[in-house]
Amino acid sequence: MEEPREPHVLVLPFPAQGHIKPMLCLAKLLAAAGLRVTFLNTHHNHRRILPRGPSSPPSSLLRLESISDGLPDDHPRSLERIEELLLSIKTAMKAALREFLVSKSAEPPVTCVIADGIMSIGIDVAEELSVPAISFRTFSACCLWTYFCIPTFIHEGKLPFPDDDLDKEFHGLLGAEGLLRRRDLPSICRSAIAINLYRYFMDETIAMTRACALILNTFDALEAPMLSHLATIFTDIYTIGPLHALAVKSHVGHFSGRSESVGSLQMEDRSCMVWLNSQASRSVVYVSFGSLVKITVDQLMEFWHGLVNCGRPFLWVLREDAILGENEEKARSLLSELKVVSEGRRVVDWAPQEEVLAHAAVGGFLTHSGWNSTLEGIVAGIPMICWPRIADQQINSRWVSEVWKIGLDMKDTCDRSTVETMVRLLMDDKKEEIMKSMARISALSSDSVGPEGSSSKNLERLVKNIRKIGQTS
Ligand code: UDX
């Protein structure tokens, strides 16, 4: 009789912060459940994420490995040059992945690949080697369902939009009737998006259906209607979010106040925690536009004046690469001017976001509505003002304001008076109403990762399934 094979999972994230963090949380959770796991980063991100202090791998079952993404070291890998990265993933990185999986590097042999929903090279190579693949899309169910409906919208002549009026109601998305304007659809629906990018992401979405199961970083009580639509496409769905909260509950996340957050690609400036300690309860607006979004100097100044004018203390994350279309020297000098510490405001390169949101001084979150940030806001119970820019953010922000009613959608505008009005609404005039919804949704998120919660149970089911498919492949 053949010896049973040891399950060995390869986790393959798309090489960007918002993908690496939830997928590393999952890798840690799987290893904590007794599975052997290899987390495969690109060399570029591996170097940045290398274990800093106690956030190193918690168990001998988790290995952090890396392969080349095929780009030279000095390539910026920025949003503006994403097409070069995408092309290189499909060619050089795919070859490196195949090489990694057939070589001794992946000993014992990999029995299951968990591929990011925009890393179909993971599914391709798994198929070539007859290894089962599971797809993990790191954004919301509402956005994924919308992506699957886009070909129908094109067929029906609803996309591309027949004219430039983004305020027109958009009909036809099952489960969202009366909810959407054109501007609320994912950014790939806007005509300004390059056609090859659109094709790329649509092809990746279709490729996900070749996987034997789907993992989502969401929870049943948050997105039940959208999940029921996705169940018409995927027979096996594992909703295991919010993953960062599940990781903390399972003691594999980092929330000690002493170490880097799980999967952070940048050094966190912890001095802002000390500054927060000196601020009044629920008084501070935390501002962060995630890891990719950039803003122009004009937008930056509008935000700055809007925030200053409303008279609330604020903590703003402005990454070194946050300014768009300015020469490097000018951008650097503007950022250093803003970073001068002054009473009532603090600007940092990168913050320990989960801890900031959990701090008693924080009362509002001005966010780009990235999915991780949205979930982190929900877990911490902090209401949001949304200024979405790309990808899923446009639709996430609509759900935040109109479905869950836990924030305000400031989409496509950021003049100083609107910023000021929004902050006043969030922190004063509409505070009670929004906080009531937020308290309910936040409690549901906490239940989902509790011992009997849906996400905890789904994770157990996922682990069981990974053990099973490992034996039969
Ligand atoms: C983008 C998308 O919008 C997201 O929905 C998609 O799934 C991945 O790509 P990103 O811009 O990185 O993501 O935003 P988000 O998903 O919110 O992730 C940012 C992460 O960086 C969060 O986990 C946040 O905690 C972390 N962060 C951000 C910090 O740790 N410190 C900071 O100062 C800012």
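Throughout, residues of each chain are indexed from 1 in the direction in which the sequence is written. Only residues with pLDDT of at least 70 get local features here, since the model is predicted, and only at 80 or more are side-chain atom pairs given and counted; chain-wide, interface and lining totals rely on the full set of residues. Working from all heavy atoms in the structure, the side-chain values ignore hydrogens and water.

The name that an unreviewed UniProt entry assigns to the chain is Glycosyltransferase, with the source organism given as Eucalyptus globulus. UniProt positions are given in the numbering used here, feature names are shortened, and annotations may be inferred rather than shown by experiment. Quoted verbatim from the Sequence similarities (unreviewed entry) field of the UniProt record, the comment on the chain reads "Belongs to the UDP-glycosyltransferase family."

Undergrad: Summarise the environment of D415; cite the residues concerned and give the values.
TA: Inspection of the secondary structure assignment puts D415 in the loop between β13 (407-409) and α15 (416-429). Reaching out from D415, the side chain makes a polar contact with the side chain of T418 at a distance of 2.8 Å. A helix here means a DSSP run of H or I that spans at least four residues, while a strand means a run of E at least two residues long, and both kinds are numbered starting from the N terminus. Under this definition, polar contacts are N or O atom pairs within 3.5 Å; protein pairs additionally need one hydrogen-donor-capable and one acceptor-capable atom, and for neighbouring residues in sequence, both atoms have to be side-chain atoms.

Undergrad: Got a sec to walk through the pattern of salt bridges? Specific residues and values, please.
TA: Note on definitions: salt bridges are taken to be side-chain nitrogens of Lys or Arg within 4 Å of carboxyl oxygens of Asp or Glu. Scanning the model with the defined rule gives 35 salt bridges in all. Of the charged contacts, one joins R210 and E127 as a salt bridge, the two residues approaching to 3.0 Å between their closest N and O atoms. Here R210, found in the loop between α6 (195-207) and β6 (213-216), pairs with E127, found in helix α4 (residues 121-128); they are 83 residues apart in sequence, far enough to count as distant. Among the ionic pairs, R181 bridges to D409, the shortest N-O distance being 4.0 Å. With R181 in the loop between α5 (141-155) and α6 and D409 in strand β13, this pair connects stretches of sequence that are 228 residues apart. The buried label goes to any residue with under 20% of its type's maximum accessible area, the exposed label to any with over 50%, and the partly exposed label to all in between, with areas taken from a 1.4 Å probe on protein chains only. Look at R181 and you get partly exposed, because its relative accessible area is 21%. Through salt bridges with shared partners, a single ionic network connects R181, D184, R398, D409 and K411.

Undergrad: Lay out the side chain of Q353 in plain terms, naming residues and giving numbers.
TA: Within the secondary structure, Q353 sits in helix α12 (residues 353-358). Judged by its relative accessible area of 11%, Q353 is buried. Reaching out from Q353, the side chain makes a polar contact with the side chain of Y286 at a distance of 2.9 Å. A polar side-chain atom of Q353 sits 2.9 Å from a polar atom in the side chain of E376. Any pair of residues with heavy atoms lying within 4.5 Å of one another is described as a contacting pair. Those residues within four positions of Q353 in sequence are excluded, and the remaining contacts are Y286, S288, F365, S373 and E376.

Undergrad: Can you lay out empty space enclosed by the protein for me, pointing to particular residues and giving the numbers?
TA: Only protein atoms enter the 1 Å grid used here. Points where a 1.4 Å probe fits but cannot escape make up a cavity, open sets with protein on both sides within 12 Å along at least five of seven lines make up a pocket, and a residue lines them when an atom lies within 4 Å of a point. Grid points are joined across faces, edges and corners, and a volume is the space filled by probe spheres set on the points. Scanning the model with the defined rule gives 4 cavities of 30 Å³ or more in all. Looking at the second largest cavity, its volume works out to about 70 Å³. For the second largest cavity, the full set of lining residues is S288, F289, G290, V293, K294, I295, V317, L318, R319 and A322. Put simply, Ala, Val, Leu, Ile, Met, Phe, Trp, Tyr, Cys and Pro go in the nonpolar bin, Asp, Glu, Lys and Arg in the charged bin, and everything else, Gly too, in the polar bin. Classifying every residue of the lining of the second largest cavity gives 6 nonpolar, 2 polar and 2 charged.

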